[in-house]
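Next come the chains, spelled out residue by residue.
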Amino acid sequence: MSLTAAFFCSHQLQHSPVCSINKHKPWIETTYHGIITENDDKVLLDPPLIALDKDAPLRYAESFEVTLTEEGEICGFRIHGQNVPFEAVVLDKSTGEGVIRAKDKLDCELQKEHTFTIQAYDCGEGPDGANMKKSHKATVHIQVNDINEYSPVFKEKSYKATVIEGKKYDSILKVEAVDADCSFQFSQICNYEIVTPDVPFTVDKDGFIKNTEKLSYGKERMYKLTVTAYDCGKNRASEDVLVKISVKPTCKPSWQGFNKRIEYEPGTGSLALFPSMHLETCDEPITSIRANVELETNHIGKGCDRDTYSEKSLHKLCGASSGTVELLPAPSSSANWTVGLPTDNGHDSDQVFEFNGTQAIKVPDGMVSTSLKEPFTISVWMRHGPGAHEKETILCNSDKTEMNRHHYSLYVHNCRLILLLRQDPSEAENYKPAEFHWKLDQACDKEWHHYVLNVEFPSVSLFVDGTTFEPFLVTEDYPLHSSKIETQLTIGACWQDNSGHDNDTESVSEPTSGGNARMAQFFRGNLAGLMIRSGKLENKKVIDCLYTCKEGLDVQLPEEVASAVKVEFNPNQSSLTVEGDDIDAFDKVMQHISYLNSRQFPTPGIRHLRISTTVKCFNEESCVTVPDAEGYVMVLQPEEPKISLSGIDHFARSAAEFESQEGVTLFPELRIVSTITREVEADTESEAAEGADDDPTVQETVVSEEIMHNLDTCEVTVVGDELDGEHESLEVDMTQLQQHGLEMSSSNLGLVISGVNTMANYEQVLHLIRYKNWHTEALFDRKFKLVCSELNGRYISNDFKVEVNVIHTANPVEHANNAMVQPNFINPVHHASVDLSGHNLVNAHQASVVPSAATIVIVVCVSFLVFMIILGVFRIRAAHQRTMRDQESGKENEMDWDDSALTITVNPMETYEDQHSSEEEEEEEEESEDGEEEDDITSAESESSEDEEAGEPEDQQGASRQQQLEWDDSTLTY
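Every value quoted in this text rests on a predicted model; they were computed, and no experiment measured them.

A few words now on the state of the cysteines. Summed over the entire model, instances satisfying the criterion amount to nine disulfides. Two residues share a disulfide in this structure: Cys75 and Cys123, whose sulfurs sit 1.7 Å from each other. Taking the sign of the S-S torsion, 120° for the link of Cys75 and Cys123, the bridge is right-handed. Of this pair, Cys75 sits in strand β6 (residues 74-80) while Cys123 sits in the loop between β9 (113-122) and β10 (138-145), and the two are 48 residues apart along the sequence. The disulfide bridge from Cys108 ends at Cys182, spanning 1.6 Å between sulfur atoms. Measuring the twist about the S-S bond at about 105°, one finds the Cys108-Cys182 disulfide to be right-handed. Of this pair, Cys108 sits in the loop between β8 (97-102) and β9 while Cys182 sits in the loop between β14 (177-178) and α2 (184-187); the two residues are 74 residues apart in sequence, bridging distant segments of the chain. The two residues Cys108 and Cys182 agree in class, both being buried.

Take a look at the structure:
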């Protein structure tokens, strides 16, 4: 080829078959950035995908008419990389334009970006594409754009939180949702919303929930909210979430699990007061706890529940020696000087006497020895408040007349207890201790306190509630001058003659009386159990016994906490203190604190409880304030015992027995029984099953149960005229009385046996009470009443009345006729239905008459005729009675004579008892045919009498009366 042709080929005719030479590589950009939306296959590239090749013909060489070859055309693009989900496609070979597209749908959540390399290649030379050229490799970055295909999902299935009432929170809890979309726009949660309407809560865009107002535990204890979420593409959560917010009461340190009302059933022993209690400290770091548990019993009796026997009995029970004189006894026939004093009028607790500044009493002369040379003891219960500045006398022994000297007295002055003790004249007229002063808060605190003064001159010891107090001041004075003036012992004021000073005096009509005298220095307060005992001093053991309560607090420490907690009691166990540093151990000790009342019949009512607590933290200061916990123990009413006295209540004895040395036993077969009634549920299953459908109420049955307890007093009084000490008396075996530790006092009204002892021992002593009468001519009957009581009159028995008839008999003399007298024990038939119990015939026959012989013969004849008539009636009825007796075998032993309708008629003509016997024997000889039927007559006589009296009520004591009944034929009317 010539040079001209070569030049032409190289510059203008490169595509001609003659001049086809592929000299250049294709050219593409070095970097491409593309965007594709997931679920789409088109990629938008920047810059566009175009490959250039210098072998391509020039655009401006169109004027040449040459034939173009394939050199310079772009045949394709090749992608390099593993698992590249794209392909490159040539759209125009001549221009080199191409596109990149996804082979399959892309998922942004799986891969958000793709990077790979791409090459362009030309078509080569000739038809077979020889000498094909490739461009350099360009890097392609493709980002997969997200679509909002997923909704928000909450991380938790539900949310819970607890808040305390009365507080507004900045944030209570946070709810959180997520979105599975890959893009920031669609994967972000832009909003949360509370779906539940009308709730006091709100939620912000970050999911924090807070309350919009203060919550109240009483109004709502739990709120349930429904919350949803939205992503930034406004897709709502697929499922809403439940939020529970509990409201707790405000955490206040306090005792939890404490029942304010605690019921105590008498006789059940110890009762746990706080079995489920624990201390709430609100998670404060405490180091020590101190709690004081106080049982308030000041309103019960004299400060707490104690045995309510008489003070004298209590002294004996506590081991005090004999010789105790009770100056404030309960009013009775033998001790009536306290009748005019107002009392508490209750028997559930001790009898308390009130002194209001106008009342005072005089103790009868001779009750207390006025000698102060020997040791003696004064004890008293006193409740006294702040009073006036005048002296207030508790006990005073002063001159009855003229001089108004105080020999000894016990009084309160300006909250000081003062004992005045003036000595009797002696050889040495020297100053001696005369007044002992004690300054006591107890004397003016309006609470009950027990005072015991042991006097062994010149030393005086004072015990207040068992604690010893020494006098802060002792003044001296001269002994009293010798005088023969009698003294008067008074309580509640001092006695002074009217001619004395009138200052601080007031005339008192009740209960004092007699004489131109006035009372001075009146006491204002309450007194009980005032005693004076001469001789041996009270020891500490007796004093503690008198003061000790029968109720109080108790605790049984568990072994595992005994060393970790300290417990201390006050003397009467009405309060205790618990100290410790371990909360769990402290709670266990508190749970074992119990109430105990050892009385068989405790005083019912409320006993208040108070728990005062102090808590300290690490800084040794009170970091937690625990309010006092208050409640009360309700002691239920005990089952009241019914004391029943029973025995022979009507019998007759001969006058000789009344006049004998032994006398007549009044209560030979006395029986003392005490019972209580209880309601119990019916335990019959059949009854319960039948009643279940008809009556839903529980069937209850009243059951009577016999119990044993003590008695402290039995009083025998005369019904009718008082005892005449000149010719009648009531006596008891003093030896037996002393063996049982009982005491007896008597008066013209009867006698009183006192002392705490069992019912059985009282029975034995009462069996021994005898009635004597040395002048029975004018006596035909005597009635007595027996009453027993327990706990100083709290429980009183029935009135058991006994009527004793006197059988009068004439003096025996010899009689020639030996006439038969009327048999003993004949009860006239026509009087069988007339009740003459208690009828006194003493006015009809006041003197015995000596009959003449003629009169006796007439009376004997008439008596014999009456006897034969009655005998015939008895024999006729005997046959009928035998039949009845066979049918009712065994009944004869149970038959009782009812003498309540017995008519006793005195025959003034009948004088000789032996005459009756001789005449009866003569009659039996003349009527020998009747002798063999004597037993039948006796039997028929008994049965006939029983038939005649069958309409009358059966005597409860018939069985014993049948053996004791005696007929009095001395007054039988012929």
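With that settled, consider the sheet that holds strand β7 (residues 86-92). Two orientations exist for strands paired in a sheet by backbone hydrogen bonds: parallel and antiparallel. Strand order in the open sheet made by the three strands is β4-β8-β7, with antiparallel pairing throughout. Every interior strand has two partners, whereas the edge strands, β4 (49-50) and β7, have only one. Both β4 and β8 contribute to a ladder of two bridges, which runs antiparallel. When the bridges of β8 are listed, Leu49 appears paired with Gly98.

With that out of the way, let us pick up the environment of Lys801. Tracing the backbone shows Lys801 in strand β60 (residues 800-807). On the accessibility criterion, Lys801 (51% relative accessible area) is exposed. Distance in space between the C-alpha atoms of Lys801 and His650 is 8.5 Å, their sequence separation being 151 residues.

A few words now on the sheet that holds strand β16 (residues 201-203). If you trace the three strands from one edge of the open sheet to the other, you get β13-β17-β16, paired in antiparallel fashion. Two strands bound the open sheet, and with one partner strand each, they are β13 (173-174) and β16. The pairing of β13 with strand β17 (residues 208-211) spans two bridges and is classified as antiparallel. The residue of β17 that forms the bridge with Lys174 is Phe208.

Judged by side-chain polarity, Trp27, Ile50 and Leu52 come together as a nonpolar surface patch covering roughly 280 Å² of accessible area. With respect to the helices and strands, the residue Leu52 is situated in strand β5 (residues 52-53).

Residues Phe667, Ile672, Leu730, Ile753, Leu766, Ile769 and Leu786 are the most contacted members of the largest nonpolar core, which totals 48 residues. When we break this core down by domain, the ones giving at least three residues each are domain 4 (311-498 + 516-547) and domain 5 (642-679 + 701-807). Among the nonpolar cores identified, the runner-up in size contains 39 residues, and Leu328, Ala443, Val460 and Leu527 belong to it.

A separate point is the pairing of strand β58 (residues 781-790). When you tally the buried positions in β58, you get eight out of ten residues, the bulk of the element. Pairing of strand β53 (residues 710-719) with β58 involves seven bridges; the strand directions are antiparallel. Note that in β58 the partner of Val718 across the bridge is Phe784. As judged from the six bridges shared by β58 and β60, these two strands associate in the antiparallel manner. Directly across from Arg782, in β60, lies its bridge partner Val804. The pairing of β58 with strand β59 (residues 795-796) spans two bridges and is antiparallel. Along β59, the bridge assignment pairs Ser789 with Ile796.

A few words now on the pattern of salt bridges. Per the stated rule, a full pass over the model turns up 24 salt bridges. The closest approach of N and O atoms between Arg599 and Asp305, which form a salt bridge, is 2.7 Å. Pair noted here: Arg599 is in the loop between β45 (593-597) and β46 (605-617) and Asp305 is in the loop between β24 (286-296) and α3 (311-317), with a separation of 294 residues, a long-range link. The same class applies to Arg599 and to Asp305, which are both buried. Three or more residues joined by partner-sharing salt bridges are found here, namely Asp305, Asp307, Lys550, Glu551, Arg599 and Arg607.

Before going further, it helps to examine the packing of aromatic side chains. Taken as a whole and assessed by the stated rule, the structure comprises 13 aromatic pairs. Plain terms: the ring middles of Phe601 and Tyr795 are 5.1 Å apart, the flat faces sit at 65° to each other, and that makes the pair edge-to-face. One end of the pair, Phe601, is in the loop between β45 and β46; the other, Tyr795, is in strand β59, with 194 residues separating them in the sequence. With relative accessibility at 4%, the residue Tyr795 sits in the buried group. Linked through ring pairs, Phe658, Tyr771 and Phe784 together constitute an aromatic cluster. Here the basic side chain of Arg78 rests over the ring of Tyr121, its NZ or CZ set 5.4 Å away from the ring centre. A cation sits over an aromatic face here: Arg306 above Tyr547, 5.1 Å from the ring centre.

Criteria and thresholds
The written sequence of each chain sets the order in which its residues are numbered from 1. Only residues with pLDDT of at least 70 are given local features in this predicted model, and only at 80 or more are side-chain atom pairs given and counted; all residues enter the totals for whole chains, interfaces and linings. Where side-chain values are given, they derive from all heavy atoms of the structure, hydrogens and water being excluded. Disulfides are defined as pairs of cysteine sulfur atoms found within 2.5 Å of each other. A run of H or I in DSSP becomes a helix once it reaches four residues, and a run of E becomes a strand once it reaches two; helices and strands are each numbered from the N terminus. Three exposure classes are used, based on accessible area relative to the maximum for each residue type with a 1.4 Å probe and protein chains only: buried under 20%, partly exposed in between, and exposed over 50%. Two strands form a pair only when DSSP identifies at least two bridges running between them. Note that patches include only residues with greater than 30% relative accessible area and no salt bridge, and the join distances are 9 Å for like charges and 5 Å for nonpolar side chains (Val, Leu, Ile, Met, Phe, Trp, Tyr). Exposure was quantified through the Shrake-Rupley algorithm and a 1.4 Å probe, taking into account, for residues, occlusion by the shown protein chains and nothing else. Whenever Lys or Arg places a side-chain nitrogen within 4 Å of a carboxyl oxygen from Asp or Glu, that contact is recorded as a salt bridge. Buried Ala, Val, Leu, Ile, Met, Phe, Trp, Tyr and Cys residues that are joined via side-chain atoms within 4.5 Å together make up what is termed a nonpolar core. Domain start and stop points were drawn from an automatic or database domain assignment. Here the aromatic set is Phe, Tyr and Trp, taking the six-membered ring for Trp, and pairing holds for ring centres within 6.5 Å; pairs whose planes are under 30 degrees apart are stacked, those over 60 apart are edge-to-face, and all others are tilted. Any Lys NZ or Arg CZ that is within 6 Å of a ring centre and within 35 degrees of that ring's normal is treated as a charge sitting over the ring.

Honestly, that's just the spatial picture; any functional story needs more than this.
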